[in-house]
Every structure is written in structure tokens, then in C-alpha cells.
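# Summary of the model geometry
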Amino acid sequence: MSLMRLAYASEATFEAKPVEKGVEPHVARILMTSRKNNAKDQLVGGLYYGNDRFFQYLEGEEDAVRRTYDRILKDDRHRNIVTLIEEPLKSRTFSNWSMKYVPLSRDVRAFLDDQGLESFDPAAFTSEQCEKMIELVRNSSQEQTLATRDDPKSVGDAPQVLSSGMKTGLIVAGVVLVGALVIGGTML
């Protein structure tokens, strides 16, 4: 069994829709399919979507990686696909991720700032930047602010509509209201 790793960049052909549950709906469908297929083929890796562009990293048995990449090359949701890395691998570097999704813009914004890049354009990454992006995907946590749809200039944190204090206040107000309705109902 020979292992390989592959990273590519592409542009989305779809027009991004409003985010549902922290993930753009087209990307959510790609993730669901990828996770099912990759688990079956014992592939691991990660995906980042921002600025209408994808960066994806795959590793696993060479035949399975190549079959998956061939499907991606034919997928009409991608255009201008650029292979960034394609090489043998001695051992797996990702574990337990059939397809890790990185919806975190804070890490990517820090990466772009560190690299002196104004926008997320993985097709233009150097070899070193690809390796750093793979490391970012590998090490990202799921506890930061989600990126919804990044504009070309900013991959910053998504705005918060309600502060935690406002959320707590609304919850308390709701409990008081329900209590008042219950007490009022018993008085009738």
C-alpha cells in the first residue's frame, strides 16, 4: 500500500448562498458527500472555503486519492483547479477526519497577515504557504468564530449580532415572562 498526499485549489462555480448552521449550503453538501466517500476509501484531510475559493488537502492510499481527485476535476462546482502538491507520503499526518472542514476565519486571517497576503487565493500559494495552510487545517480548533462568506479584502471574524450579556438578558426575560403567564393562568 503506497500512501500519497495531494492539495489543490479551485474556484467555486456557484454563487454563495446565505450560511446555514455556519456553512455555506453548497459547501455543506460537498462536505457530506466527501465525508461519506472518504471514510469508505480511508482518506483523510481538510477543506477551507473562503473568498469563493477552495483549498483542500487529501492523504491516503494512492489509488483512492487519485480516484477522488478525478471526481473533483469533473465536479461542476469547481473551476480553475490547480494541483498544489502531489507526492508520496510515508505515514498519515491527519487522523480521524474523513474531511475536516475549517470554517474559521481568524486562523486564516492571521495566516494571510503573516504571509503578507491581502486575500485568500490558494492557487497563488508558494510551496511553503501550502505547507503552512495544511498545518493550519490540521491544527485548527472548532471553537472560534465561524466565517460565513468572506469578501475579497477580509477573512475576518463574522460579526456578532447579540453579545453574551444580551443573550443572557433575553433568556432571563423569557423565563420571567413564562413564569408570569403560569402564575396569571392559575389565578383565573
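Preceding this section is the structure that the text describes.
Cut-offs used in this document
Residues numbered from 1 in each chain as written. Predicted model: local features only at pLDDT ≥ 70, side-chain atom pairs only at ≥ 80, totals over all residues. Heavy atoms only, no water. Helix = DSSP H or I, 4+ residues; strand = E, 2+ residues; numbered from the N terminus. Expected span 1.5 Å × (residues − 1). Contact = heavy atoms within 4.5 Å. Buried < 20%, exposed > 50% of the residue type's maximum accessible area, 1.4 Å probe, protein only. Axes fitted to C-alpha atoms, helices over the stretch in contact; angles between N-to-C directions. Parallel < 35°, antiparallel > 145°, perpendicular 65-115°, else oblique. Left-handed = near helix turned anticlockwise from the far one by under 90°. Nonpolar A, V, L, I, M, F, W, Y, C, P; charged D, E, K, R; others polar. Core = buried A, V, L, I, M, F, W, Y, C linked by side-chain atoms within 4.5 Å. Phe/Tyr/Trp six-rings, centres within 6.5 Å; stacked < 30°, edge-to-face > 60°. Pairing = 2+ DSSP bridges.

### Section: helix 2 (residues 62-74)
Helix length check: helix 2, at 13 residues, gives a terminal C-alpha distance of 19 Å against a target of 18 Å (1.5 Å per residue), a fit within 8%. Considering only its buried residues, helix 2 is in contact with strand 1 (3-12), helix 1 (25-41), strand 3 (53-61) and strand 4 (78-89).

### Notes on unusual backbone geometry
With the exception of glycine, the majority of residues adopt a negative phi angle, and the majority of peptide bonds are in the trans configuration. Even without being glycine, Asn 51 reaches a positive phi, approximately 55°. Owing to a relative accessible area of 7%, Asn 51 belongs among the buried residues under this scheme. Of note in the backbone geometry, Asp 52 takes a positive phi value of approximately 60° without being a glycine. Checked against the element boundaries, Asp 52 lands in the loop between strand 2 (44-50) and strand 3.

### Some remarks on the environment of Leu 112
Take Leu 112: it is sitting in helix 3 (residues 105-115). Taking the C-alpha atoms as reference points, Leu 112 and Met 133, 21 residues apart in sequence, are found 9.6 Å from one another.

### Remarks on the packing of helix 3 against helix 4 (residues 127-139)
In the contact formed by helix 3 and helix 4, the axes pass within 11 Å of each other and the chain directions differ by 160°. Looking at the two axes, helix 3 sits roughly antiparallel to helix 4. Considering how the two elements wind past one another, helix 3 and helix 4 form a crossing that is right-handed. For the pair formed by helix 3 and helix 4, the contact residues are Asp 107, Val 108, Phe 111, Asp 114 and Gln 115 on the first element and Gln 129, Lys 132, Met 133 and Leu 136 on the second. In terms of residue class, the contact of helix 3 with helix 4 is built from 4 nonpolar, 2 polar and 3 charged.

### Let's talk about the side chain of His 26
With respect to the helices and strands, the residue His 26 is situated in helix 1. Not counting chain neighbours up to four residues away, the residues in contact with His 26 comprise Phe 14, Glu 15, Lys 17 and Arg 77.

### Description of the nonpolar core
Residues Phe 55, Tyr 57, Val 108, Phe 120, Phe 125, Met 133 and Ile 134 are the most contacted members of the largest nonpolar core, which totals 19 residues. Those elements giving two or more residues to this core turn out to be strand 1, strand 2, strand 3, strand 4, helix 3 and helix 4. For this core, the element with the highest residue contribution is helix 4, accounting for 5 residues.

### Here we look at the packing of aromatic side chains
Applying the stated criterion across every chain, the model contains 8 aromatic pairs. Ring geometry for Tyr 48 against Phe 120: centres 4.8 Å apart, planes inclined by 75°, an arrangement best described as edge-to-face. Residue Tyr 48 is located in strand 2, and its partner Phe 120 is located in the loop between helix 3 and helix 4; the two are separated by 72 residues in the primary sequence. Both residues of the pair, Tyr 48 and Phe 120, belong to the buried class.

### Side note on the pairing of strand 2
Burial analysis of strand 2 places 7 of its 7 residues in the buried class, which makes it a mostly covered element. Because side chains alternate across strand 2, one face comprises the buried residues Val 44, Gly 46, Tyr 48 and Gly 50, and the other comprises Gly 45, Leu 47 and Tyr 49, equally buried. Two elements, strand 2 and strand 3, share 7 bridges in a ladder whose sense is antiparallel. Within the sheet, the bridge partner assigned to Tyr 48 lies in strand 3 and is Phe 55. From the end of strand 2 to the start of strand 3, which pair antiparallel, there are 2 residues, and Asn 51 there has a positive phi angle of about 55°.

### Side note on the environment of Glu 15
Considering the arrangement of structural elements, one finds Glu 15 in the loop between strand 1 and helix 1. The class of Glu 15 is exposed, set by a relative accessible area of 68%. When the C-alpha positions of Glu 15 and His 26 are compared, they lie 9.0 Å apart, and in sequence the two are 11 residues distant. Look past the residues within four positions of Glu 15 in its chain and what remains in contact with it is Glu 24 and His 26.

This is a description of form; function is not addressed.
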